[in-house]
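# Coordinate inspection notes
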Amino acid sequence: MDGGSRNPEGGIVLAKPVPPPPAPRLYLATPVLEDPAALVTELPALLAKADVAAVLVRLKMTDQRTLISRIKALVPAIQPSGAAVLIEGHAELVARGGADGAHLDGIEAVEDAMETLKPDWIAGVGGLSTRHDSMAAGEAGVDYVLFGEPDAKGERPSADAIAERLQWWAELFEPPCVGYAASVDEARAFAVAGADFVLVGDFIWADPRGPTAALMDAEQAIGLGHAARLEVAKSEAAMPGTAKAEQE
């Protein structure tokens with residue numbers, strides 16, 4: 001009987017089929033912005049070309065009043081597409097700028113900002129150098145964990161190490177995981193590994209063809225990676241039944 005298995009006493013135990021995981025979605029990081037005017041003009045058309053779940057707004061440091069003004073300028077260019085607006089750092093400015101949440105750096109930042117952000121706004125976190133920190137962030141109630149972003153020196157783990165961390169998290173923990181992709185190839189690899197979202201940024205804006213072509217390529221790569229992941233899962237699910245048939 002489909003969806004069931006036989007227990008040691010000979011009865012049939014019914015089990016609901018596990019639905020396949022949804023395809024990862026894009027998470028777009030802006031350049032570090034001083035004057036957002038050009039991006040305000042560009043973003044609506046760009047976001048119409050791909051399924052972008054959220055935009056990470058990265059702002060050059062200045063006084064709070066100016067930062068809030070820049071956030072308020074960007075929010076109407078992003079939210080109508082259905083994408084959430086997250087601010088890099090500056091949890092205290094989320095509500096005042098009309099954003100949807102903040103991306104925090106490290107477990108200490110999570111501890112400092114959760115009271116400000118929860119329960120009304122999104123709290124995501126990166127800068128998690130150890131598995132212990134990642135688990136602590138999950139226990140603190142963050143909405144996602146990010147793996148693979150560069151550190152203060154611009155260094156980051158290998159793509160294989162990032163994929164391994166994503167796979168570990170996806171298999172064991174409930175909060176979504178995000179893979180920081182520095183290329184289209186990494187975007188595909190992180191989709192295969194089980195990322196719920198793939199963060200893309202600098203290579204999108206640096207593409208000589210323009211960000212639209214690069215973003216669409218990244219989305220296609222994620223789709224291919226997800227399809228490959230489903231094929232692997234399908235093959236693994238079929239193996240026990242095949243082995244049983246051979247034994248019989």
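Residues numbered from 1 in each chain as written. Predicted model: local features only at pLDDT ≥ 70, side-chain atom pairs only at ≥ 80, totals over all residues. Heavy atoms only, no water.

## Some thoughts on the overall build of the protein
In plain terms, the rule: Each helix corresponds to a stretch of at least 4 residues labelled H or I by DSSP, and each strand to a stretch of at least 2 residues labelled E; elements are numbered beginning at the N terminus. Whether a residue is buried, partly exposed or exposed follows from its accessible area with a 1.4 Å probe, protein chains only, as a fraction of its type maximum: under 20%, in between, or over 50%, in that order. Using the Shrake-Rupley algorithm and a 1.4 Å probe, accessible areas are obtained, with residue cover drawn only from the displayed protein chains.
What the protein contains, in helices and strands, is nine helices and ten strands. Within the protein, buried positions represent 40% of all 248 residues. Accessible surface computed for the protein: about 13,400 Å², of which carbon and sulfur atoms make up 54%.

## Some points on the pattern of salt bridges
Opposite charge on two side chains permits them to pair, given that their charged atoms come into close proximity. In plain terms, the rule: Think of a salt bridge as a Lys or Arg side-chain nitrogen and an Asp or Glu carboxyl oxygen that are within 4 Å of each other.
According to the stated counting rule, one finds eight salt bridges in the structure shown. Between Asp-217 and Arg-209 there is a salt bridge; the shortest N-O distance is 2.6 Å. Assessed through its relative accessible area of 26%, Asp-217 is described here as partly exposed. Its relative accessible area of 51% is what places Arg-209 among the exposed residues. Where salt bridges share partners, they join Asp-207, Arg-209 and Asp-217 into one cluster.

## Let's talk about the layout of surface pockets
For the record, the criterion: A pocket here means an open set of points on a 1 Å grid, computed over the protein atoms alone, that has protein on both sides within 12 Å along at least five of seven lines. A cavity is instead a set of points where a 1.4 Å probe fits but cannot get out; residues with an atom within 4 Å of a point line either one. Grid points are joined across faces, edges and corners, and a volume is the space filled by probe spheres set on the points. In this classification, Asp, Glu, Lys and Arg are treated as charged, Ala, Val, Leu, Ile, Met, Phe, Trp, Tyr, Cys and Pro as nonpolar, and every other residue, Gly included, as polar.
Counted as a void, the largest pocket has a volume near 760 Å³. What lines the largest pocket is a set of 32 residues, and nearest its centre among them are Asp-105, Gly-127, Glu-149, Pro-150 and Asp-151. If you list the elements that add at least two residues to the lining of the largest pocket, you get β4 (52-59), β6 (101-105), α4 (107-117), β8 (144-147) and α6 (159-172). Here the lining of the largest pocket takes four residues from α6, the largest share from any one element. Considered class by class, the residues forming the lining of the largest pocket number 16 nonpolar, six polar and ten charged. Its volume calculated, the second largest pocket comes out at about 330 Å³. Considering the residues around the second largest pocket, the lining is formed by 13 residues, among which Gln-167, Glu-171, Val-192, Ala-193 and Arg-229 are closest to the centre. Counting only elements with at least two residues in the lining of the second largest pocket, the list comes to α6, α7 (184-193) and α9 (211-247).

## Examining unusual backbone geometry
Cis geometry marks the peptide bond from Lys-118 to Pro-119, where omega comes out at 10°. Take Pro-119: it is sitting in the loop between α4 and β7 (122-126). Even without glycine at this site, His-90 takes up a positive phi of about 55°. The topology assignment puts His-90 in the loop between β5 (84-88) and α3 (94-97).

## Description of the pairing of strand β9 (residues 177-180)
Selection criterion: Between any two strands, at least two bridges found by DSSP are needed for them to pair. Here a crossover is taken to be right-handed if, once the strands point away from the viewer, the path from the first strand over the helix to the second is traced clockwise.
Side chains Cys-177 and Gly-179 project from β9 onto one buried face, and the interleaved Val-178 and Tyr-180 project onto a second face that is buried too. Sheet topology places β8 next to β9; three bridges connect them, and they run parallel. Pairing of Leu-146 across the sheet is with Val-178, part of β9. Crossover β8 to β9 through α6 is right-handed. As judged from the three bridges shared by β9 and strand β10 (residues 197-200), these two strands associate in the parallel manner. Along β10, the bridge assignment pairs Gly-179 with Val-198. For the crossover from β9 across α7 to β10, the handedness is right-handed.

## Details of the side chain of Arg-70
Counted only if it meets this: His is not counted, nor are the chain ends; Lys and Arg add positive charge and Asp and Glu add negative charge.
Among the secondary structure elements, Arg-70 is positioned in helix α2 (residues 64-78). Nearest to the buried, unbridged Arg-70 among oppositely charged side chains is Glu-34, at 4.9 Å.

## Side note on α6
Applied cut-off: A helix is expected to span 1.5 Å multiplied by its residue count minus one. Working rule for contacts: check all heavy atoms of both residues, and any pair within 4.5 Å makes them a contact.
Helix length check: α6 (14 residues) gives 20 Å between terminal C-alpha atoms against 20 Å at 1.5 Å per residue, within 8%. Of the residues making up α6, those classed as buried are Ile-162, Ala-163, Arg-165, Leu-166, Trp-168 and Trp-169. Of the surrounding elements, those touching the buried residues of α6 are α5 (131-140), β8, β9 and α7.

## What about the sheet that holds strand β3 (residues 25-33)?
Selection criterion: To get an axis, a line is fitted to the C-alpha atoms, and for a helix only the part in contact is used. The angle between two axes follows their N-to-C directions and goes from 0 to 180 degrees.
Judged by pairing direction, the barrel is parallel, and its eight strands sit side by side in the order β3-β4-β5-β6-β7-β8-β9-β10 before closing back on the first. In this sheet, adjacent strand axes meet at a mean angle of 25° when their direction is disregarded. Sheet topology places β6 next to β7; five bridges connect them, and they run parallel. Across the sheet, Asp-105 pairs through a bridge with Gly-126, a residue of β7. Against the sheet, α4 makes contact with β6 and β7, and its axis sits at roughly 165° relative to β6, the strand it touches most.

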